[in-house]
Amino acid sequence: MESNDVQADLKHVLYTREQIEGRVRELADEIDRDYEGRDLLIVGVLKGAVMIMADLARALHSHVTMDWMAVSSYGSGTQSSGVVRILKDLETDLMGKHVLIVEDIIDSGLTLSWLKANLQSRGPASLEICTLLRKPEGAKVEIDVKYVGYDIPNEFVVGYGLDFAEKYRNLDFIGTLAPHIYE
């Protein structure tokens, strides 16, 4: 799906497909350097991280294993509730593994803070975070994020896995959703 398909629903395009692809390659290069000679497990957070996880895994030049976790704190609204529910847990034992959590976006940080503590309690050798997008103005808790694609304004964004009411995930870019859609 392209921007012409949803032009009336958007305020503007933040990042094009080409910009995202370039930044994902840069992140993959950093990760490859940092984990050279080590096995890496990348953990995608469903559903939003599907696009970044797939593209990042393909851009990496080293072998990785992948697993998925689904957690929720949003419900159907646009603000995090702060109450986290595990919808799908990992199938992989993290004990002694180098783990990289892959996220689509960090907004308040509440869900990710909980998730990081939960995974840290499972005994990984290391645990880091990679996110495509981060909203520094929206942060309610401090999260140490090693790999950040872009810092963005505190606006509601969709595309490239990010949704509103399960729509817009399949856009090949990231755009700011027009307020008349979600208000």
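Here's a quick rundown of the structure. Treat the numbers as computed from the prediction; the structure is a model and nothing was measured. (Residues numbered from 1 in each chain as written. Predicted model: local features only at pLDDT ≥ 70, side-chain atom pairs only at ≥ 80, totals over all residues. Heavy atoms only, no water.)

For the rest of this paragraph, the subject is the overall build of the chain. For the chain, the count of helices and strands is four helices and nine strands. Starting at the N terminus and walking to the C terminus, you meet the elements of the chain as β-α-β-α-β-β-β-α-β-β-β-β-α. Over its C-alpha trace the chain gives a radius of gyration of 16 Å, about what one expects of a compact globule, namely 16 Å for 183 residues. For the C-alpha atoms alone, the extent of the chain along its principal axes is close to 50 × 35 × 25 Å. Pairs at least 24 residues apart make up 66% of the contacts formed inside the chain by residues separated by at least 6 positions. When the accessible surface of the chain is summed, it comes to about 9,200 Å², and 48% of that surface belongs to carbon and sulfur atoms. For the chain, the centre of its 19 positive side-chain charges and the centre of its 30 negative side-chain charges are spaced 3 Å apart. (Helix = DSSP H or I, 4+ residues; strand = E, 2+ residues; numbered from the N terminus. Rg over C-alpha atoms; globule rule 2.2 N^0.38 Å. Contact = heavy atoms within 4.5 Å. Areas by Shrake-Rupley, 256 points an atom, 1.4 Å probe, with all protein chains shown as cover. Lys, Arg positive; Asp, Glu negative; His and termini not counted. Charge placed at Lys NZ, Arg CZ, Asp CG, Glu CD.)

Turning to the sheet that holds strand β1 (residues 10-15), a few remarks are in order. Ordered by their spatial adjacency, three strands build an open sheet running β1-β9-β8, and the pairing between neighbours is antiparallel. Whereas interior strands pair on both sides, the edge strands pair on one side only; in this sheet they are β1 and β8 (157-158). Where β1 meets strand β9 (residues 174-177), four bridges bridge the pair, whose relative direction is antiparallel. Note on β9: the bridge partner recorded for Y15 is I174. (Pairing = 2+ DSSP bridges.)

This part covers the packing of aromatic side chains. A complete count under the given rule lists four aromatic pairs for this structure. Judged by centre distance (5.3 Å) and plane angle (35°), the ring pair of F156 and Y182 falls under tilted. In this pair, F156 sits in the loop between β7 (147-151) and β8 while Y182 sits in helix α4 (residues 179-182), placing the two residues 26 residues apart along the sequence. Overall, F156 belongs to the buried group, its relative accessible area being 15%. Taking the relative accessible area as the measure of exposure, Y182 reaches 27% and is therefore partly exposed. By the ring-pair criterion, three or more aromatic residues cluster together here, those being F156, F164 and Y182. (Phe/Tyr/Trp six-rings, centres within 6.5 Å; stacked < 30°, edge-to-face > 60°. Buried < 20%, exposed > 50% of the residue type's maximum accessible area, 1.4 Å probe, protein only.)

Compared with the 26 Å implied by 1.5 Å per residue over 18 residues, the 26 Å span of helix α1 (residues 17-34) between its first and last C-alpha is a close match. Within α1, the full set of buried residues consists of I20, G22, R23, V24, L27, A28, I31 and D32. (Expected span 1.5 Å × (residues − 1).)

Another point: the sheet that holds strand β2 (residues 40-46). As summarised here, the arrangement of the six strands in space is β4-β3-β2-β5-β6-β7, forming an open sheet in which the pairing is mixed. Each edge of the sheet is formed by a strand with only one pairing partner; in this case those strands are β4 (85-88) and β7. Taken pair by pair, the neighbouring strands of this sheet meet at an average axis angle of 30°, ignoring direction. The sheet contact formed by β2 and strand β5 (residues 98-106) spans five bridges and is parallel. Directly across from L41, in β5, lies its bridge partner V99. With respect to the sheet, α1 is in contact with β2, β5, β6 (126-134) and β7, its orientation differing from that of β7 by roughly 155°. (Axes fitted to C-alpha atoms, helices over the stretch in contact; angles between N-to-C directions.)

Here the focus is the pattern of salt bridges. Taken as a whole and judged by the stated rule, the model has 16 salt bridges. Residue R23 is joined to E30 by a salt bridge in which the shortest nitrogen-to-oxygen separation is 3.9 Å. Linking K88 and D67 is a salt bridge whose minimum nitrogen-to-oxygen distance equals 3.9 Å. Of this pair, K88 sits in strand β4 while D67 sits in strand β3 (residues 64-72), and the two are 21 residues apart along the sequence. What emerges from the salt-bridge pattern is a single network uniting R17, E18, E21 and D172. (Salt bridge = Lys/Arg side-chain N within 4 Å of Asp/Glu carboxyl O.)

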